[in-house]
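Results of the structural survey
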2 protein chains.
Amino acid sequence: MERQGNIMQFRPDIKVVDATIRDGGLVNNFFFEDSFVKKLYETNIKAGVDYMEFGYKASKELFDVNEFGKWKFCDEESIRGIVGENNTDLKIAVMADVGRTDFKKDIIPKQDSVIDMIRIATYIYQMPAAIEMIEYCHEMGYETSCNIMAISTARESDIDMALELLGNSPVDVIYLVDSYGSLYPEQVGAFARKYRDMTEKYGKKRGIHAHNNQQLAFANTIEACSYGVSYLDATMAGMGRGAGNCMMEQLMGFLKNPKYKLIPVLKFVETEILKLKEQGVVWGYDVPYLCTGILNVHPRSAIAAMKENDTNYSKLYLGLWDKEG
Amino acid sequence: MERQGNIMQFRPDIKVVDATIRDGGLVNNFFFEDSFVKKLYETNIKAGVDYMEFGYKASKELFDVNEFGKWKFCDEESIRGIVGENNTDLKIAVMADVGRTDFKKDIIPKQDSVIDMIRIATYIYQMPAAIEMIEYCHEMGYETSCNIMAISTARESDIDMALELLGNSPVDVIYLVDSYGSLYPEQVGAFARKYRDMTEKYGKKRGIHAHNNQQLAFANTIEACSYGVSYLDATMAGMGRGAGNCMMEQLMGFLKNPKYKLIPVLKFVETEILKLKEQGVVWGYDVPYLCTGILNVHPRSAIAAMKENDTNYSKLYLGLWDKEG
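None of the values given here were measured: they were computed from a predicted structure. (Residues numbered from 1 in each chain as written. Chains lettered and ligands numbered in written order. Predicted model: local features only at pLDDT ≥ 70, side-chain atom pairs only at ≥ 80, totals over all residues. Heavy atoms only, no water.)

1. A few points about the relation of the copies chain A and chain B
- Here chain A sits on chain B after a turn of 180° about the axis and a move of 0.0 Å along it, with an RMSD of 0.0 Å. What the rotation and shift describe, once combined, is the action of a two-fold rotation axis.
- By residue overlap, the copies meet face to face through one surface: 100% of the interface positions of chain A are interface positions in chain B. (Least-squares fit on C-alpha atoms with pLDDT ≥ 70 in both. Contact = heavy atoms within 4.5 Å.)

2. A closer look at unusual backbone geometry
All names here are of chain A.
- Even without a glycine there, the phi angle at asparagine 29 is positive, about 50°.
- Tracing the backbone through its elements, the reader meets asparagine 29 in the loop between helix H1 (20-28) and helix H2 (34-47).
- Here alanine 150, not a glycine, exhibits a phi torsion of approximately 55°, which is positive.
- One can find alanine 150 in the loop between strand E5 (143-148) and helix H6 (156-167). (Helix = DSSP H or I, 4+ residues; strand = E, 2+ residues; numbered from the N terminus.)

3. Quick look at the sheet that holds E5 of chain A
Residues and elements named next belong to chain A.
- Spatially, the eight strands close up into a barrel ordered E1-E2-E3-E4-E5-E6-E7-E8, and their pairing is parallel. Recorded for the sheet is a direction-independent mean angle of 25° between the axes of neighbouring strands.
- Judged from the two bridges that link them, strand E7 (residues 205-209) and strand E8 (residues 231-234) form a sheet pairing that is parallel. The partner of glycine 207 across the bridge, within E8, is tyrosine 231.
- Across the sheet, H6 touches E5 and strand E6 (173-177), and the angle it forms with E5 is around 175°. (Pairing = 2+ DSSP bridges. Axes fitted to C-alpha atoms, helices over the stretch in contact; angles between N-to-C directions.)

4. Remarks on the pattern of salt bridges
- Counted under the stated rule, the structure contains 43 salt bridges over all chains.
- A salt bridge links aspartate 97 of chain A to arginine 100 of chain A, with the shortest nitrogen-to-oxygen separation between them at 4.0 Å.
- Note that aspartate 116 of chain B is salt-bridged to lysine 110 of chain B, the shortest N-O span being 3.8 Å.
- Residue classification places aspartate 116 of chain B among the buried residues on the basis of a relative accessible area of 17%.
- Several salt bridges share partner residues, and in doing so they unite Arg3, Glu186 and Glu223 of chain A together with Arg3 and Glu223 of chain B into one network. (Salt bridge = Lys/Arg side-chain N within 4 Å of Asp/Glu carboxyl O. Buried < 20%, exposed > 50% of the residue type's maximum accessible area, 1.4 Å probe, protein only.)

5. A few points about the layout of surface pockets
- In this structure, the second largest pocket encloses a volume near 740 Å³.
- Lining the second largest pocket are 30 residues, and of these Ile7, Met8 and Lys256 of chain A together with Tyr184 and Gln187 of chain B lie nearest its centre.
- Taken together, the elements giving at least two residues each to the lining of the second largest pocket come down to helix H9 (248-254) of chain A together with helix H7 (185-199), helix H11 (287-295) and helix H13 (313-324) of chain B.
- When residues in the lining of the second largest pocket are grouped by element, the largest group, five residues, is from H7 of chain B.
- Across the lining of the second largest pocket, the residue classes tally to 19 nonpolar, six polar and five charged. (1 Å grid on protein atoms, 1.4 Å probe; cavity = no way out; pocket = protein on both sides within 12 Å on 5 of 7 lines; lining within 4 Å. Points joined across faces, edges and corners; volume = space filled by probe spheres on them. Nonpolar A, V, L, I, M, F, W, Y, C, P; charged D, E, K, R; others polar.)

6. Concerning the sheet that holds strand E4 (residues 117-122) of chain B
All names here are of chain B.
- If you walk around this closed barrel you meet the eight strands as E1-E2-E3-E4-E5-E6-E7-E8, and the pairing is parallel. Averaged over all neighbouring strand pairs, the angle between strand axes comes to 25°, with direction disregarded.
- In terms of strand pairing, strand E1 (residues 15-18) meets strand E2 (residues 51-56) through two bridges, oriented parallel. Across the sheet, residue aspartate 18 finds its bridge partner in E2, namely methionine 52.
- Across the sheet, helix H2 (residues 34-47) lies against E1, E2 and strand E3 (91-97), angled at about 155° from E2, the strand it touches most.

7. Digging into the interface of chain A and chain B
- Contacts between the two partners involve 38 residues from chain A, matched on the other side by 38 residues from chain B.
- Overall, the association of chain A and chain B removes approximately 3500 Å² of surface from exposure, summing both partners, and the carbon and sulfur fraction of that is 67%.
- Ranking the residues of chain A by area buried against chain B places Tyr184, Glu186 and Gln215 of chain A at the top, with a combined share of 17%.
- Inspection of the region where chain A meets chain B yields three salt bridges.
- In this structure, arginine 3 of chain B engages glutamate 186 of chain A in a salt bridge whose closest nitrogen and oxygen atoms are separated by 4.0 Å.
- In this structure, the connection of chain A to chain B is made through eight residue pairs in polar contact (both at pLDDT 80 or more).
- Counting residues per element, the side of chain A that touches chain B draws most heavily on helix H10 (residues 263-278) of chain A, at six residues.
- Looking at the side of chain A that touches chain B residue by residue, the classes come out as 22 nonpolar, ten polar and six charged. (Buried area = accessible area lost by both parts, 1.4 Å probe. Polar contact = N/O pair within 3.5 Å; in protein donor to acceptor, adjacent residues only side chain to side chain.)

Here it is, written out as structure tokens:
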């Protein structure tokens, strides 16, 4: 049950991961201006962020390149257009979804890439396919994480088996992903301890990616952190699908390591994020997301309600029982 | 360290306190329509809320009755205009600030009042005056709570002495109040355990009133709850000063006691709260509140920035060090 460290200390094992382009891209179909991405990159360097996730390595067979911005695909030249050779301490990550990536074609050897880490996102039932991708990416020379999505609806015995499989794989980081923003801190703490107890012996690190449906993304992130989860995902102003994520500005205000700086993040929010919001890009907590979070279901009904400006919250909530129950 | 109960059980000791009129009144100077207050009262009854706080018993010597709505003063007839004899299970509370109330004049004997509980709000240095009020209100026949404000800036040794004084007083409930929304759940948990350990032997109950500056009001409320705090303050859509409070809809979605109902709360939010927001009444999380929360200072600078639509967050943050440091 013991927490790791205390609230005054800093933990050198902590790594802050900026997922603004990747999760935020789900809000605007990855159509970010290059100037936005460039400033985000510079902000992350100044703020002491450890990893910046650029987007997905999505299959061009499955997704039409004309329907999405380039960060859905993260071609090597797209990233280099922002970071050059990336001669900085900021590491570069991309996400690859199991079943939606042509990884053997699109993931090139590390020696030819500025990417440092491939984050493999998977549902629990796809675990063998995830392991295949993890092994491939390691052979190619990358760090990897495995982001097990929607654990709030997974059977705990399945999670145990997945953690055992991952423990025996070459994966570096195992992520706890609260896709529906439905978990309470007490539950996240229990998951964090389970992940720690099952994967520490294999030398694995743990990460968390939280959603803000119940305004618990930040609380869940720091709760997991206190039980040995060290890779912490956040996005600028919480930009991400639906209710969004843990906000970088919350996290930077909390972390005690002097390498982390809040001011560059505040500057990015006041200049770049407010501009996006003025353009009508919408994300963040609202009552419909609370409803799907409470009921532990996918936020799609809430996203639809938000798009239609449907504020009949009680009807939405009752309807979710019929549609999703 | 042990938590009380688990996340599946419900705790019969829990009391939900709706503070919408009282803390929300700080946003609109207590100018609520009677129809709003009446619907809120009916909503609280339907939702199974245990206490409804109507406002302050403020001194008419110190405050001009023409500058504030009637809920700043909570005359007996004002409350009876909404609740009649209040033949319901919902108890009625009002707040009285130490030093800002003519309690010996304005607090009448319980037998002549529909009020059930007087909540005495105090800073830690006013404790003897608070005790005098607590004793007076008990002699008049009321339940009381003592709401110790701004504990995040109080010396812990002073808090110990205050808890000891309160333990020996007739007070029923001792509140942990995070006035600046600056506490993290781990710190709130530690306070909750301290309050429990020091006041349980006197048979006192504990309460929490949280603010949402860092989007932690709900997380802090349920964290305190898990360590034996049983009086839980919330407001509809979090309405309250600055970043507001723990939202009633979050709390109702969390609590497991079947007496508590989310749907009436959602209906109130979609009909009454959205109307208020359309009228331009503003509260809730924003970056300036995060800044004052992180720095553990009064939100006045953030409230001013919000009023002026000043989005220069980095300058605000840096300025707070000069102004408040």
